[in-house]
Each structure stands twice: as C-alpha cells, then as structure tokens.
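In case you want the letters, here they are:
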Amino acid sequence: MIKKLGVYPNLHKEVVKKNLAHIINLVREAGLIPLLPSDIAITFGCDSYIVGDEKSLQSMDVFMSVGGDGTLLRMAELLAKVDVPGFGVNFGHLGFLAEVEASELPSALKMLVQGYYTVENRTMLFAKVMREKKQILEAHALNDIVVSKGKISKMAHYLLRINGKQSSYMAADGIIVASATGSTAYSLSAGGPLVYPNLDVMVITPICPHALAIRPLVIPLSEVVEIETERDGEQLMLEADGKLMGPIEDDCIVSVEQSPYKMQLLRLSAKSYYDNWQEKLMR
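Residues numbered from 1 in each chain as written. Predicted model: local features only at pLDDT ≥ 70, side-chain atom pairs only at ≥ 80, totals over all residues. Heavy atoms only, no water.

Undergrad: Could you clarify how one ought to interpret the overall build of the chain in this entry?
TA: Regarding its fold elements, the chain presents 6 helices and 18 strands. In terms of C-alpha radius of gyration, the chain reaches 20 Å, essentially the compact-globule figure of 19 Å for 283 residues. Considering only C-alpha atoms, the chain reaches an extent of 60 × 40 × 35 Å along its principal axes. Counting every position in the chain, which comprises 283 residues, the buried fraction comes to 50%. Contacts in the chain between residues far apart in sequence, at least 24 positions, make up 65% of those at least 6 positions apart. With an accessible surface of roughly 13400 Å², the chain has 52% of that area assigned to carbon and sulfur atoms. Mean positive and mean negative side-chain charge positions of the chain (28 and 33 charges, respectively) differ by 2 Å. (Helix = DSSP H or I, 4+ residues; strand = E, 2+ residues; numbered from the N terminus. Rg over C-alpha atoms; globule rule 2.2 N^0.38 Å. Buried < 20%, exposed > 50% of the residue type's maximum accessible area, 1.4 Å probe, protein only. Contact = heavy atoms within 4.5 Å. Areas by Shrake-Rupley, 256 points an atom, 1.4 Å probe, with all protein chains shown as cover. Lys, Arg positive; Asp, Glu negative; His and termini not counted. Charge placed at Lys NZ, Arg CZ, Asp CG, Glu CD.)

Undergrad: Honestly, the packing of helix α1 (residues 14–29) against helix α4 (residues 105–114) in this entry has me stumped. Any pointers?
TA: The description of two packed helices rests on the angle between their axes and on the distance between the axes. Relative orientation of the contacting elements α1 and α4 amounts to 35 degrees, with a least axis distance of 9 Å. Crossing angle aside, the handedness with which α1 passes α4 is right-handed. Contacts from Ile 23, Leu 26 and Val 27 of α1 reach α4 at Leu 105, Pro 106 and Leu 109. (Axes fitted to C-alpha atoms, helices over the stretch in contact; angles between N-to-C directions. Left-handed = near helix turned anticlockwise from the far one by under 90°.)

Undergrad: Please clarify how helix α3 (residues 69–79) should be interpreted in this entry.
TA: Of all 11 residues making up α3, 8 are buried, and the element is well covered by its neighbours. For α3, every residue scored as buried is listed here: Asp 69, Thr 71, Leu 72, Leu 73, Met 75, Ala 76, Leu 78 and Leu 79. Against the buried residues of α3 lie β1 (4–9), α2 (54–58), β4 (62–67), β5 (86–90) and β18 (252–267).

Undergrad: What exactly am I supposed to notice about the sheet that holds strand β13 (residues 201–207) here?
TA: Remark on secondary structure: sheet strands pair via backbone hydrogen bonds, oriented parallel or antiparallel. Taken together, 6 strands build an open sheet; the order of strands is β14-β13-β12-β9-β16-β17 and the sheet is antiparallel. Each end of this open sheet is capped by a strand with a single partner; those strands are β14 (217–220) and β17 (243–248). Neighbour to neighbour, the strand axes of the sheet diverge by 20 degrees on average, direction disregarded. Sheet topology note: the strand β12 (residues 174–179)/β13 ladder contains 6 bridges and is antiparallel. Opposite Ile 176, over in β13, you have Thr 205 as the bridge partner. (Pairing = 2+ DSSP bridges.)

Undergrad: What should I look at first to understand the side chain of Arg 161 in this one?
TA: Residue position: Arg 161 is located in strand β10 (residues 156–162). Since its relative accessible area comes to 15%, Arg 161 is described here as buried. A distance of 2.9 Å separates polar atoms of two side chains, one belonging to Arg 161 and the other to Glu 228. Setting aside residues no more than four positions away along its own chain, Arg 161 makes contact with Gln 166, Ser 167, Val 224, Val 225, Glu 226, Glu 228 and Ile 253. (Polar contact = N/O pair within 3.5 Å; in protein donor to acceptor, adjacent residues only side chain to side chain.)

Undergrad: Would you take a moment to explain the nonpolar core for this structure?
TA: Across soluble globular proteins, you tend to see nonpolar side chains buried next to one another. Among the nonpolar cores identified, the biggest contains 30 residues, and Tyr 158, Val 225, Ile 227 and Val 256 are the most heavily contacted of them. With 4 residues, the top contributor of residues to this core is β10. (Core = buried A, V, L, I, M, F, W, Y, C linked by side-chain atoms within 4.5 Å.)

Undergrad: Can you walk me through the packing of aromatic side chains in this structure?
TA: In this description, a pair of aromatic rings is defined by centroid distance and the angle of the planes. The full count for this structure, using the stated rule, is 1 aromatic pair. Between Tyr 49 and Phe 63 the ring centres are 4.9 Å apart and the planes differ by 85 degrees, which places this aromatic pair in the edge-to-face class. One end of the pair, Tyr 49, is in strand β3 (residues 47–49); the other, Phe 63, is in strand β4, and 14 residues separate them in sequence. Taken individually, Tyr 49 and Phe 63 each receive the classification buried, so the pair is uniform in this respect. (Phe/Tyr/Trp six-rings, centres within 6.5 Å; stacked < 30°, edge-to-face > 60°.)

Right, here's the structure in full:
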C-alpha cells in the first residue's frame with residue numbers, strides 16, 4: 001500500500017512556488033503522507049527526506065516531481081539507484097515525461113491510492129570519459145548524453161565508433177546519444193526520430209552536421225558507442241540530461257552504453273504514447 005509520497009519540487013519555477021502549499025494539501029486529502037526535501041519541509045509543515053541519502057529516499061513508497069521534464073530528470077538521477085518509482089506533475093511546457101498536468105493532479109492521486117497505475121522500467125545510459133586508460137568522468141542519464149563544443153563558433157570533428165568499429169567521421173556542433181525515452185528531447189529538436197520509449201535502442205543524432213549525408217542512427221542498446229574528438233582549439237563539454245558534467249580534454253574518448261540502473265516511471269495516464277506525442281507536439 002502506498003502511503004509516503006516524496007514530493008520533489010522545482011522552486012526555481014514561480015508557478016510551483018505559488019502552488020506548492022495547495023499541492024501538499026491535495027496529497028493529504030488523498031490520504032497520503034507528503035514529504036519534502038529537508039531544507040524546505042518545515043516551511044510547509046511536512047515531514048522530510050534527505051536529498052542524496054539513499055536510506056532516506058528508500059523510505060518513500062513513491063516520488064512525485066513538480067515542475068517539468070527537467071525536474072523529473074533530476075528526480076530520476078536520485079531514484080535510479082534506490083529502486084523507488086516516480087512520476088511527474090507538469091508545470092512546464094511540453095511534459096513528455098511529466099505526463100500529469102497540474103489540473104489532473106487530484107484524479108491522478110486518487111488513481112495512485114486505488115492502485116490504478118502501471119510502472120515502466122525505463123532504460124538509462126552510462127557514459128564515461130577515458131584518457132590514457134584512466135576514467136576521468138562518468139554520468140548516468142535517462143534521456144541523453146551529449147558531447148558538444150563550448151562557446152567557440154568553430155565546429156568540432158568527431159570520429160564515431162560502434163563496438164570498436166568505425167561508423168563515421170563528421171564535422172558537427174556535437175553528438176547526442178539518446179535513449180528511447182530521450183528521443184522526444186534534444187535529439188528530436190536536432191532532427192532525430194520519435195522512438196517508442198520501451199524499445200531497447202539508442203539514437204545517435206549529430207547536431208548541425210556539415211554534410212547532408214550524416215543522418216541520425218538507431219542502434220541496439222547492447223552496443224557500445226565511442227566518440228573520439230579531433231581537437232582544433234575547441235572547448236568540448238559532456239552533458240547528461242542537460243546537466244553539465246565537465247570539460248572533455250585532449251586525447252579523450254567518450255563511451256556510451258546501457259546503464260546498470262533503470263528508472264521506474266509510474267504512469268497514471270490512460271492515454272497511449274501515440275495520443276500523448278501528438279497532443280504534446282501540437283502545443
């Protein structure tokens with residue numbers, strides 16, 4: 001039985017700040033116990049959990065992000081290692097991942113309490129940056145891993161290998177490696193395909209390639225993607241789910257493969273993926 005609901009709010013959004021007290025009341029009215037991050041729980045008269053503390057996070061039955069898809073991605077980063085499901089309430093724009101609209105929250109909470117939901121195990125990606133056989137960076141991502149240039153306008157050159165075999169050499173602003181779940185995010189904006197989110201695939205999408213022949217590529221999730229950069233003075237960066245992880249130095253190789261972790265995404269919507277995609281894209 002679900003009783004403890006961890007609430008993960010994005011207080012950088014003014015609309016979330018204004019509505020958080022009301023959201024907490026809705027959670028209580030549904031018969032659930034709301035918990036907030038320890039730094040703000042007292043302000044709203046709630047019990048608390050500690051962000052980043054696995055034991056504290058594991059004491060929750062379900063987590064709910066309040067914001068947009070970016071807020072859910074930050075929540076996924078916390079939950080992937082603790083085996084706790086989560087869902088998102090959308091106060092953002094599109095909300096491909098945060099499927100519950102703010103106006104739908106009362107009915108969604110009722111469905112949650114009554115057990116009318118499904119839990120999907122969404123695959124995640126793992127990236128590591130190697131230099132002279134030493135790992136200098138690593139990241140897990142639900143949506144995507146991005147290697148891209150910094151502020152210098154000159155494009156970068158990339159050698160792409162899949163399972164150790166050269167796939168392509170390209171000049172581009174960057175390369176996105178997305179999960180099926182992340183196909184609706186940065187990859188889609190860069191011209192990548194929509195992919196059914198439960199498929200075990202990766203989508204490799206170049207960012208502004210300097211050749212019409214360079215196209216997005218869908219490959220099995222079991223493959224290992226390696227990105228080697230040719231440096232001409234560009235500052236290259238590694239991002240995971242939109243979060244800057246750090247610079248990529250000279251003579252580095254970025255590899256991306258399936259993460260050992262999965263995000264348990266709790267779905268409370270009766271809409272099919274196809275209905276949801278069409279509705280979101282027409283906004």
